[in-house]
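Spelled out, the chains give:
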Amino acid sequence: MIPRRLLPNTPALLAFDAVARTGSFTAAARDLGQTQGAISRQVAQLEGQLGVVLVDRGARAARLTEAGSAYARAAKAALDALGRGAMEALGQTQERGLQLAILPTFGTRWLMPRIPRFVRRHPEITLHFTTRIGRFDLGAEGIDAAIHSGRGDWPGARLTLLMEERVMPVAAPGTKGVAGQPLLALATRPQAWADWWAISALPGPLPAPAMRLEQVSTLAQAAAAGMGVALMPAFLIRPELDSGALVPLGPETATGFGYWFAEPDLAPGERAKPSVARFKDWLITEIDRETVV
């Protein structure tokens, strides 16, 4: 075991390495952003610790002694090893971390209750969530993947369809059918009511929606409060349906939208993070399980 008194401190080792690389105390000071005097003192401290002369200060240039040349090689190897170790540690931390952008309602109502299962299966992956609506630059914002609602068009991203969006009319208990009721619409699905109305063949023209709302959660609250009939994805309002706060009033129809898993579009030869693939596989498995049920 090497005596601790022979192990140099990092500043002294860096100072000596800089002198050995540059051939001068002045250049070493410039390289490390220190004064020449500070570099000289650190090298002298190292020499005193080792009990050998490493640098011949008699010449104009800082010339290494024979012992200094041998120690310079060892110092460089040690610093290189520390640098590689730091990069590996950083890489492993980044590899295990997963930055995910999620839709607010999908995240709170569907994803979060199931996340403990992923954590139990992959305790080595640390999840970080942020909320995003719509498309954005995944790479510029440092996001590894996103759960997106749309029509499958996202330039600069690779998309995997998770599920097709299907909606059905729901309202508070006691509501007598859809006809004659105020219609509540999701602002991002302007065509949804027209599509459902055409499939259902209800009499009369489609009335204009009485209210448009931005979020699925507020739409569900408005319908449960008796403000009208809303078109809702059943999988996002399962608690309200199970409790009877909302009741279905007609068949499901497709909106033309879907829920997608979005990843940055990789350059040729670029490797995707394993944690992204693990999360996507788990997510698809969870959705498939519910579809079968």
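To start, this report covers the structure provided alongside it. (Residues numbered from 1 in each chain as written. Predicted model: local features only at pLDDT ≥ 70, side-chain atom pairs only at ≥ 80, totals over all residues. Heavy atoms only, no water.)

1. A short note on the overall build of the protein chain
Moving on, step 1. Assigned secondary structure in the protein chain consists of 10 helices and 11 strands.
Moving on, step 2. A compact globule built from 293 residues would reach a C-alpha radius of gyration of about 19 Å, whereas the protein chain, at 32 Å, exceeds it by more than 25%.
Moving on, step 3. For the protein chain, the spread of C-alpha atoms along the principal axes amounts to about 105 × 35 × 35 Å.
Moving on, step 4. Among the 293 residues that make up the protein chain, the fraction classed as buried is 38%.
Moving on, step 5. Sequence separation of 24 or more characterises 72% of the internal contacts of the protein chain that already satisfy a separation of 6 or more.
Moving on, step 6. Within the protein chain, one finds 31 positive and 27 negative side-chain charges whose respective centroids are separated by 6 Å. (Helix = DSSP H or I, 4+ residues; strand = E, 2+ residues; numbered from the N terminus. Rg over C-alpha atoms; globule rule 2.2 N^0.38 Å. Buried < 20%, exposed > 50% of the residue type's maximum accessible area, 1.4 Å probe, protein only. Contact = heavy atoms within 4.5 Å. Lys, Arg positive; Asp, Glu negative; His and termini not counted. Charge placed at Lys NZ, Arg CZ, Asp CG, Glu CD.)

2. Considerations on the pairing of strand 7 (residues 183-186)
Moving on, step 1. Residues of strand 7 alternate between two faces, with L183 and A185 on one and L184 and L186 on the opposite face, all of them buried.
Moving on, step 2. Across two bridges, the pairing between strand 7 and strand 9 (residues 229-233) is parallel. Residue pairing for strand 9: L184 is matched across the bridge by A230.
Moving on, step 3. Examined bridge by bridge, strand 7 and strand 8 (residues 211-213) share three bridges and lie parallel to one another. For L186, the partnering residue across the bridge sits in strand 8 and is L213.
Moving on, step 4. Since strand 7 and strand 8 lie parallel, the crossover through helix 7 (residues 192-200) that links them has a hand, and here it is right-handed. (Pairing = 2+ DSSP bridges. Right-handed = clockwise from strand over helix to strand, strands pointing away.)

3. Remarks on the packing of helix 1 (residues 10-22) against helix 2 (residues 25-32)
Moving on, step 1. Here helix 1 crosses helix 2 at 120 degrees, and the two axes come no closer than 8 Å. Overall, the two elements helix 1 and helix 2 adopt an arrangement that is oblique. As for the relative orientation of helix 1 and helix 2, their crossing is right-handed in sense. Here L14, A15, A18, V19, R21 and T22 of helix 1 come into contact with helix 2, specifically with F25, A27, A28, D31 and L32.
Moving on, step 2. Class assignment of the residues belonging to the contact of helix 1 with helix 2 gives a composition of eight nonpolar, one polar and two charged. (Axes fitted to C-alpha atoms, helices over the stretch in contact; angles between N-to-C directions. Parallel < 35°, antiparallel > 145°, perpendicular 65-115°, else oblique. Left-handed = near helix turned anticlockwise from the far one by under 90°. Nonpolar A, V, L, I, M, F, W, Y, C, P; charged D, E, K, R; others polar.)

4. Thoughts on the packing of aromatic side chains
Moving on, step 1. One pass over the structure, following the stated rule, counts 11 aromatic pairs.
Moving on, step 2. When the centroid spacing of 5.4 Å and the interplanar angle of 65 degrees are considered together, the rings of F136 and W154 count as edge-to-face. Highlighted residues: F136 in the loop between strand 4 (126-131) and strand 5 (145-150) and W154 in the loop between strand 5 and strand 6 (157-171), separated in sequence by 18 residues.
Moving on, step 3. Judged by relative accessible area, which is 13%, F136 ranks as buried.
Moving on, step 4. Clustering of aromatic rings is evident, with ring pairs tying together F106, W110, F235 and Y259. (Phe/Tyr/Trp six-rings, centres within 6.5 Å; stacked < 30°, edge-to-face > 60°.)

5. Re the nonpolar core
Moving on, step 1. Counting 39 residues, the largest nonpolar core has F106, L111, L127, M232, F279 and L283 as the members making the most contacts within it.
Moving on, step 2. Discounting residues that sit within four places of it in the chain, L111 has contacts with I102, F106, F129, I147, F279, W282 and L283.
Moving on, step 3. If you look at the next biggest cluster of nonpolar residues, it comprises 20 residues, including A12, A15, F25 and L64. (Core = buried A, V, L, I, M, F, W, Y, C linked by side-chain atoms within 4.5 Å.)

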